[in-house]
Every structure is written in structure tokens, then in C-alpha cells.
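Fold and geometry: a report
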Amino acid sequence: MTQDELKALVGRAALEQVVAGHLVGVGTGSTVNHFIDALATIKDRFPGAVSSSLASTERLRRHGIPVFEANEVESLPVYIDGADEIDHRGYAIKGGGAALTREKIVADLAERFICIADESKLVDVLGRYPLPVEVITMALPQVARRFKALGGTAIVRQGVVTDNGHPLLDVRGLVIDDPAAMEAEINQWPGVVTVGIFGRHRASACLLGTAAGVRTLVF
């Protein structure tokens with residue numbers, strides 16, 4: 001199976017995680033696009049979605065799925081999103097699609113975060129994928145220097161600003177063996193809006209697309 005076919009496979013499998021009669025939290029990215037397309041087939045079973053990006057909102061609405069603002073919602077039973085990397089404990093790197101801050105906001109509303117990914121995203125230690133960090137513009141040089149002190153190389157992602165209007169740094173060269181601790185540290189740096197380590201908001205489970213079918217990892 002191609003990588004795209006694996007993404008479609010887990011996108012369809014994630015429909016079983018949608019709680020009938022309740023809003024569903026929806027993430028961002030190519031795997032989630034398959035999930036949104038699959039959601040359209042059961043849109044009569046739930047009232048709508050809370051979206052983590054403008055791109056996902058547009059796709060949901062094209063399918064006739066109502067989208068609610070996060071600030072209108074007190075809680076969600078489930079948030080379904082992809083990952084750029086996920087380890088065997090449910091910790092993840094996210095933000096390749098530049099939606100990491102809004103993804104964390106929606107994930108924080110949810111009782112469970114279900115990750116959907118193809119098998120190439122499963123790693124033993126996070127850090128192979130560049131770590132995205134949303135930063136206020138005036139703090140970019142200082143934040144980059146802080147990453148250099150940790151052994152990382154931070155580069156501004158060219159031509160990209162987040163839905164919140166901020167630039168992103170992509171940081172290479174990090175070995176993230178304690179994701180929760182590194183997330184907590186980086187989030188304290190002045191000027192950092194959000195770091196793309198999902199430690200506090202790690203996945204409850206992961207639906208992993210493999211050539212043999214969907215493998216479910218529970219954390």
C-alpha cells in the first residue's frame with residue numbers, strides 16, 4: 001500500500017472513535033484530510049466539529065459539517081489528529097502543517113487524543129523530524145540561540161505564518177528523550193507561543209496504518 005492509502009485507511013478507521021451525538025475535535029494535515037472526507041459519510045450522527053485550523057475548517061464546511069469555535073465549547077469526548085512523529089509512549093511532534101498552537105488548544109478540550117498516522121511516523125525517540133516552534137517575531141534570534149545551546153539548529157520556515165500570524169522555527173538536531181520536560185522548558189522561554197512537542201497532551205491511543213492493516217497502540 002502507498003503512504004496515501006495507509007493514511008486513508010486510518011482516516012476511515014478513526015470513524016469508530018467519533019462519539020454519536022457529540023462534537024468531535026478535528027486536527028490538521030494530510031492524514032486528517034482523509035478523516036474529514038470519511039466524516040462526511042456519517043455527518044448525520046454528530047452535531048459538528050471543532051477545528052484546529054482554517055484549512056480543516058474549510059474542508060469540513062465543504063462537506064456540510066458544521067464547525068464550532070473552540071471558545072464556544074467546554075469539552076470534547078475526543079480529538080483526532082495526525083502527527084509528524086509519535087513514540088511508543090504516545091508523545092508526539094506536531095506542527096508540520098503550522099497549526100500546532102490551535103491543535104493544542106483543541107486537544108486540551110478533549111478527554112482523549114487519538115492519533116492517526118502511517119507506520120513511518122512511529123519512532124523510538126522523537127527528534128528525527130524537525131521540531132516546529134511558533135514564536136513571536138521579535139524573539140526569533142533569542143529563541144534560536146537558546147536552541148543552539150541545546151545542540152539544535154533553528155531555521156525560520158520561509159513563506160509561512162501560522163493562522164495566528166506568527167512565524168515558525170524548525171529545529172533540527174535534537175534528541176528528545178524526555179518530551180514532557182523539554183516541552184515544559186521551551187514553553188517558558190519568552191516569545192515562544194507553543195512548541196510542537198505534545199507531552200502534556202500526548203496521545204491516548206494511535207491508529208497506525210500498516211501494510212497488514214490498522215494497528216492500534218494504546219498508551
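Predicted model, so just to flag it, every value in this text is computed and none were measured.

Rules used throughout
- Throughout, residues of each chain are indexed from 1 in the direction in which the sequence is written.
- Local features in this predicted model are restricted to residues of pLDDT 70 or higher, and side-chain atom pairs are both shown and tallied only at a pLDDT of 80 or more, whereas totals for entire chains, interfaces and linings draw on every residue.
- No hydrogens and no water enter the side-chain calculation; it runs on all heavy atoms of the structure.
- Here a strand pair is declared whenever DSSP counts at least two bridges between the two strands.
- By the criteria applied, helices consist of DSSP H or I runs no shorter than four residues and strands consist of E runs no shorter than two, each listed in order from the N terminus.
- The axes used here are C-alpha line fits, helices contributing only the stretch in contact, and every angle between their N-to-C directions lies in the interval 0 to 180 degrees.
- A simple rule labels every residue: compare its accessible area, found with a 1.4 Å probe on the protein chains alone, to the largest value its type can have, and call it buried under 20%, exposed over 50%, or partly exposed in between.
- Note on contacts: a residue pair is in contact if any heavy atoms of the two residues lie within 4.5 Å.
- Buried residues of nine kinds, namely Ala, Val, Leu, Ile, Met, Phe, Trp, Tyr and Cys, make up a nonpolar core once their side-chain atoms join them within 4.5 Å.
- Centres within 6.5 Å are what make two rings of Phe, Tyr or Trp a pair, Trp counting through its six-membered ring; a difference in plane orientation under 30 degrees is then read as stacked, over 60 as edge-to-face, and the rest as tilted.

Read from one edge of the open sheet, seven strands run β3-β2-β1-β4-β7-β13-β14, paired in mixed fashion. Edge positions in the open sheet fall to β3 (67-68) and β14 (213-218), since each of these has one partner strand only. Strand direction decides the pairing type here: strand β2 (residues 49-51) and β3, joined by two bridges, are parallel. Residue A49 lies in a different strand from β3, and its bridge partner there is V67.

A separate point is the sheet that holds strand β11 (residues 192-195). Within the open sheet, the four strands sit side by side as β9-β10-β8-β11. Their pairing is antiparallel. Strands at the two margins of the open sheet, each flanked by one partner only, are β9 (153-156) and β11. Ignoring which end each strand starts from, the neighbouring axes of this sheet average 30 degrees apart.

Where strand β13 (residues 205-210) meets β14, six bridges bridge the pair, whose relative direction is antiparallel. Across the sheet, residue C206 finds its bridge partner in β14, namely L217. Between the antiparallel neighbours β13 and β14 lie two residues.

Mapped onto the fold, D124 is located in the loop between β7 (110-118) and β8 (131-135). For D124, a relative accessible area of 65% translates into the label exposed. Each C-alpha atom of the pair D124 and F219 lies 14 Å from the other, and the pair is 95 residues apart in sequence. Excluding residues that lie within four positions of it along the chain, D124 makes contacts with D87 and H88.

Counting 24 residues, the largest nonpolar core has V18, V24, V26, F35, L39, L60 and I80 as the members making the most contacts within it. Among the elements of the structure, α1 (3-13), β1 (24-26), α2 (30-39), β4 (76-81), β7 and β13 are those that each provide at least two residues to this core. Of the residues forming this core, the biggest block, five residues, is contributed by α2. If sequence neighbours within four positions are ignored, L39 has contacts with L15, V18, V24, V26, F46, L60 and I65. Counting 22 residues, the second-largest nonpolar core is a separate cluster that includes V135, V143, V171 and I197.

Applying the stated criterion across every chain yields a total of three aromatic pairs. A ring pair is formed by Y79 and F113, whose centres lie 5.5 Å apart and whose planes are at 45 degrees; its orientation type is tilted. One end of the pair, Y79, is in strand β4; the other, F113, is in strand β7, and 34 residues separate them in sequence. Residue Y79 shares its accessibility class with F113, and that shared class is buried. With a centroid separation of 4.8 Å and an interplanar angle of 70 degrees, the aromatic rings of F147 and W189 are classed as edge-to-face. Here F147 is found in helix α5 (residues 140-149), whereas its partner W189 is found in the loop between α6 (179-186) and β11, with 42 residues between them in sequence. Considered together, F147 and W189 belong to a single accessibility category, that of buried residues.

Remember that the coordinates give geometry; whether it matters functionally is a separate question.
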